[in-house]
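Each chain is listed here by its residues.
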Amino acid sequence: MEKELDKSVKEEPTAEANETKNKIDNYVIGIYITLCILAVIEAFSASAREIAMAGSVYKPILKHIFFLGVGTLLMTYIAKKEYTWFVKFGWYIAGFTVVALLGAMFFGGNINDASRSLNLMGITIQPAEMAKLAIVFVLATILSSWIKQKGRSQLEIWISVMIVGVLGFFLILQGLTNTLLFMAISLVMYIVAGASFKLFMKVCIVYGLIVGSIYGVSEVIAAHRLEELSKKEVVAESAQEEKEKESQLRTDTWSSRINSYFKEVLDTCPSKNESILSSQQKTYSFMAQAHGGWYGVGLGQSRETSRLPLAFSDYVYSIVIEESGFIGGTLLLALFFSLMMRAAYIARRCKQAYPALLVMGMAAMIVLQAFSHIAINTGIVPVSGQNLPLISKGGTSVLIICVAFGVIMSVSRTASTSTRKTKTEEKLPEILNAANPTTDK
């Protein structure tokens, strides 16, 4: 009998063994799978304009499914990693992001009159999406160090503010949307880190000054571009007038005037005029939402998808409301909100500050981007390009969101809740091995 008791005691799992057997949070998995299902449905519903351009019914849908598949594999790989792995990985991402942002600024492709993309060996990359990920990794490291020192100095806080501001200036030609999103993510992480109200307000004031500076510089750049464009048009018009004077035939004048007329028509075409395009987007977006009513017209039955520009990306939420109604749109909003709540639950279970900051930062990146997209679609904020996570089409955006989900799952699986110091925590650099300020004492 004594031997049997000794054997049962020896076989009792330790805290370290329990940690290795921790499973990924089922709620996060459920949210991810639900979003992927919605993404496939809306890839079919919102692809009317893409299908017309591609000449194939299946090509746009299969392309989105392909990125979701690759993203899921990437997410699975990251979820199996211990959260300590992200300390080095985050700095690599940040370094590559800075290089990519500089490349896009000077050599990038034009999307909606802004240098947003970078072509790397035939692969189109949007550095702005990568910058969101880099912000979370870098700030989690810096703020963990600040917590470890028990807030004796505010240097780390202002370094993080400077990093956010610098990345914001890199995106100066793309407007303020992404910069404001960077700032909102960082503010969430400052709250998790336990920043005082006074320090928090100081950061908000500095962010306000940064936003004002970026807006002022962007307006100067826009005015300079407009001036250069006007000069080119004046030169072109002068050359055309000289040509008309030199012509002795009235038919040349008629031809010139006809060409000028069609040039004016083309210049006012939505694809050529950003303000008209913006107005058209808002109009059809509101029409789609009004058409949806309370219950929607049914999945795949959207009427406005064939007329709404960027229905597959910047305005996909309007198509969601049209097909599933106000109730469906509200449920989707609640789904993203529940992700934030679940991330907060996981963060409170973390023993260390670093994984808590990671999981909250990643959740804030996903949820705030979703709320921004929804606010733009519903007319709460001015029109600006922002994808709906996983559901909007865009390879870089989908992959980045999948990485964020992978990090959340990794933290839920490997972050310790035991009272003992485990092997995973021992792999964390001492300067980052700070206690989680959100954990109940």
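Remember, it's a predicted structure, so these values are computed and weren't measured experimentally. (Residues numbered from 1 in each chain as written. Predicted model: local features only at pLDDT ≥ 70, side-chain atom pairs only at ≥ 80, totals over all residues. Heavy atoms only, no water.)

Undergrad: In this structure, what is going on with the overall build of the chain? I would like to understand it.
TA: Counting its secondary structure elements, the chain contains 16 helices and 3 strands. Counting across all 441 residues of the chain, residues that qualify as buried make up 45%. Within the chain, residue pairs in contact and separated by at least 24 positions form 76% of the contacts whose partners lie at least 6 positions apart. Looking at the chain as shown, the accessible area adds up to about 22,900 Å², and 64% of this sits on carbon and sulfur atoms. (Helix = DSSP H or I, 4+ residues; strand = E, 2+ residues; numbered from the N terminus. Buried < 20%, exposed > 50% of the residue type's maximum accessible area, 1.4 Å probe, protein only. Contact = heavy atoms within 4.5 Å. Areas by Shrake-Rupley, 256 points an atom, 1.4 Å probe, with all protein chains shown as cover.)

Undergrad: I would appreciate a short explanation of the packing of helix α3 (residues 26–45) against helix α5 (residues 59–79) in the present structure.
TA: The description of two packed helices rests on the angle between their axes and on the distance between the axes. For the pair α3 and α5, interaxial distance at closest approach is 9 Å and the crossing angle is 165 degrees. With respect to α5, the element α3 is oriented roughly antiparallel. You can see that α3 and α5 cross each other, and the crossing is right-handed. Across the interface between the two elements, Tyr-32, Cys-36, Ala-39, Val-40, Ala-43 and Phe-44 from α3 touch Ile-61, His-64, Ile-65, Leu-68, Gly-71, Thr-72 and Met-75 from α5. For the contact of α3 with α5, a count of residues per class yields 10 nonpolar, 3 polar and no charged. (Axes fitted to C-alpha atoms, helices over the stretch in contact; angles between N-to-C directions. Parallel < 35°, antiparallel > 145°, perpendicular 65-115°, else oblique. Left-handed = near helix turned anticlockwise from the far one by under 90°. Nonpolar A, V, L, I, M, F, W, Y, C, P; charged D, E, K, R; others polar.)

Undergrad: Would you take a moment to explain the environment of Gly-328 for this structure?
TA: Mapping Gly-328 onto the fold places it in helix α13 (residues 316–349). Along the backbone, Gly-328 and Gly-296 are 32 residues apart, and their C-alpha atoms lie at a distance of 7.9 Å.

Undergrad: Can you help me understand the side chain of Ser-372 in this one?
TA: Counting through the fold element by element, Ser-372 comes out in helix α14 (residues 353–377). If near-sequence neighbours (up to four positions away) are discounted, Ser-372 is found in contact with Thr-177 and Gln-386.

Undergrad: For this particular structure, what's the right way to read the nonpolar core?
TA: Here is a general trend for soluble globular proteins: nonpolar side chains tend to be buried in one another's company. Of all hydrophobic cores here, the largest spans 101 residues; its most connected members are Tyr-190, Leu-390 and Phe-405. Once you skip the residues sitting within four places of it in the chain, Tyr-190 turns out to touch Leu-139, Leu-143, Ile-157, Ser-160, Val-161, Ala-195, Phe-200, Val-203 and Tyr-207. Counting 5 residues, the second largest nonpolar core, distinct from the first, contains Tyr-284, Leu-308, Ile-319 and Ile-376. (Core = buried A, V, L, I, M, F, W, Y, C linked by side-chain atoms within 4.5 Å.)

Undergrad: So what exactly am I meant to see when it comes to the environment of Gly-194 here?
TA: Relative to the assigned elements, Gly-194 resides in the loop between α9 (177–193) and α10 (197–246). The class of Gly-194 is partly exposed, set by a relative accessible area of 46%.

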